[in-house]
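The primary structure of each chain is shown beneath.
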Amino acid sequence: MLNKIVELHKQCFPDKPWSESDFMELKKSGCEIVASENGFIVWRVVADQAEIITIGVAPNARRSGIAESMILLMEQELKKQSVVNVFLEVSEANCPAKKLYEKLGFLVVGKRPKYYDGTDAIIMSKTL
Ligand SMILES: CC(C)(COP(=O)(O)OP(=O)(O)OC[C@H]1O[C@@H](n2cnc3c(N)ncnc32)[C@H](O)[C@@H]1OP(=O)(O)O)[C@@H](O)C(=O)NCCC(=O)NCCS
């Protein structure tokens, strides 16, 4: 399964692909990694807070609701664990991702100026 996620990650983030050992480290550090044929999501829970570490959908499968479904499934899992807030970080320049999170009710709660090679990072949060 890991090689499939690595391949998907490379398609989604060609400039900074993660290796199998990167994903193994995430798993060891307590992250949840969920993948399907065309998408993956990684999150981490600390006490009653969660953070989306990464999410991606194969380019040829986008705009069919896969990312939205993965986040909604994650939220169901988090509610079972009594998680109260989900955070994430997204590049100011990443319009598809920003639209996705806005649609699902995430709100901008902060900004890290020039975080990604000169582009601001936006911190978003949703109360479950
Ligand atoms: C961001 C990403 C995960 C979205 O995946 P997806 O499966 O295509 O998204 P969905 O089909 O579930 O879209 C859900 C909603 O998000 C918004 N959205 C998604 N892609 C969009 C786009 N290209 N333009 C505008 N809105 C978009 C829309 O509101 C959409 O709802 P709608 O189709 O009813 O209008 C995908 O584009 C991707 O993998 N990008 C590269 C990796 C990445 O940037 N990950 C996020 C890092 S923070």
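These figures come from a predicted structure and were not determined experimentally.

Quick notes on the rules
- Residues numbered from 1 in each chain as written.
- Predicted model: local features only at pLDDT ≥ 70, side-chain atom pairs only at ≥ 80, totals over all residues.
- Heavy atoms only, no water.
- Buried < 20%, exposed > 50% of the residue type's maximum accessible area, 1.4 Å probe, protein only.
- Helix = DSSP H or I, 4+ residues; strand = E, 2+ residues; numbered from the N terminus.
- Pairing = 2+ DSSP bridges.
- Salt bridge = Lys/Arg side-chain N within 4 Å of Asp/Glu carboxyl O.
- Axes fitted to C-alpha atoms, helices over the stretch in contact; angles between N-to-C directions.
- Parallel < 35°, antiparallel > 145°, perpendicular 65-115°, else oblique.
- Left-handed = near helix turned anticlockwise from the far one by under 90°.
- Contact = heavy atoms within 4.5 Å.
- Nonpolar A, V, L, I, M, F, W, Y, C, P; charged D, E, K, R; others polar.
- Phe/Tyr/Trp six-rings, centres within 6.5 Å; stacked < 30°, edge-to-face > 60°.
- Lys NZ or Arg CZ within 6 Å of the ring centre and 35° of its normal.
- Near = heavy atom within 4 Å.
- Polar contact = N/O pair within 3.5 Å; in protein donor to acceptor, adjacent residues only side chain to side chain.
- 1 Å grid on protein atoms, 1.4 Å probe; cavity = no way out; pocket = protein on both sides within 12 Å on 5 of 7 lines; lining within 4 Å.
- Sits in = over half its atoms within 2 Å of the grid points.

(A) Representation of the pairing of strand β6 (residues 119-127) within the structure. The buried fraction of β6 is high, at 7 of 9 residues. The pairing of strand β5 (residues 107-116) with β6 spans 6 bridges and is classified as antiparallel. Among the inter-strand pairings, Gly110 is bridged to a residue of β6, identified as Ile123. Between the antiparallel neighbours β5 and β6 lie 2 residues, among them Asp117 with a positive phi of about 45 degrees.

(B) Expanded view of the pattern of salt bridges. In total, this model carries 9 salt bridges according to the counting rule given. A salt bridge links Glu25 to Lys28; the shortest N-O distance between them is 3.3 Å. Taken together, the residues span about one helical turn, with Glu25 and Lys28 both in helix α2 (residues 20-28) at a distance of 3 residues. Under the relative-accessibility criterion, Glu25 is labelled partly exposed at 47%. For Glu68, the salt bridge is made with Lys103, and the minimal N-O distance between the two is 2.9 Å. One end of the pair, Glu68, is in helix α3 (residues 66-80); the other, Lys103, is in helix α4 (residues 95-103), and 35 residues separate them in sequence. For Lys103, a relative accessible area of 60% gives the class exposed.

(C) Structural detail: the packing of α3 against α4. In the contact formed by α3 and α4, the axes pass within 11 Å of each other and the chain directions differ by 45 degrees. For the element pair α3 / α4, the angle class is oblique. In terms of crossing hand, the pair formed by α3 and α4 is right-handed. Facing Ala67, Glu68 and Ile71 of α3, the residues of α4 in contact are Leu100, Tyr101 and Lys103. Residue composition of the contact of α3 with α4, grouped by class: 4 nonpolar, no polar and 2 charged.

(D) Examining the packing of aromatic side chains more closely. What the rule picks out here adds up to 2 aromatic pairs. With centroids separated by 5.8 Å and ring planes inclined at 65 degrees, the aromatic side chains of Tyr101 and Phe106 adopt a geometry described as edge-to-face. The pair formed by Tyr101 and Phe106 is uniform in burial state, with each residue classed as buried. Its end group placed over the ring of Tyr115, Arg112 keeps NZ or CZ at 5.6 Å from the ring centre.

(E) Focus on the site of the ligand. Taken together, 21 residues form the shell around the ligand, and within it Val57, Arg63, Gly65, Asn94 and Lys103 come nearest. Contact distances for the ligand include 3.2 Å between an oxygen atom and a backbone N or O atom of Ser64. Interatomic distance of 2.8 Å between a backbone N/O atom of Gly65 and an oxygen atom of the ligand. Mapping the ligand onto the cavity grids shows that it belongs to the largest pocket. Those elements that place two or more of their residues in the shell around the ligand are β3 (49-57), α3, β4 (85-91) and α4. Considering only residue class, the shell around the ligand consists of 11 nonpolar, 4 polar and 6 charged.

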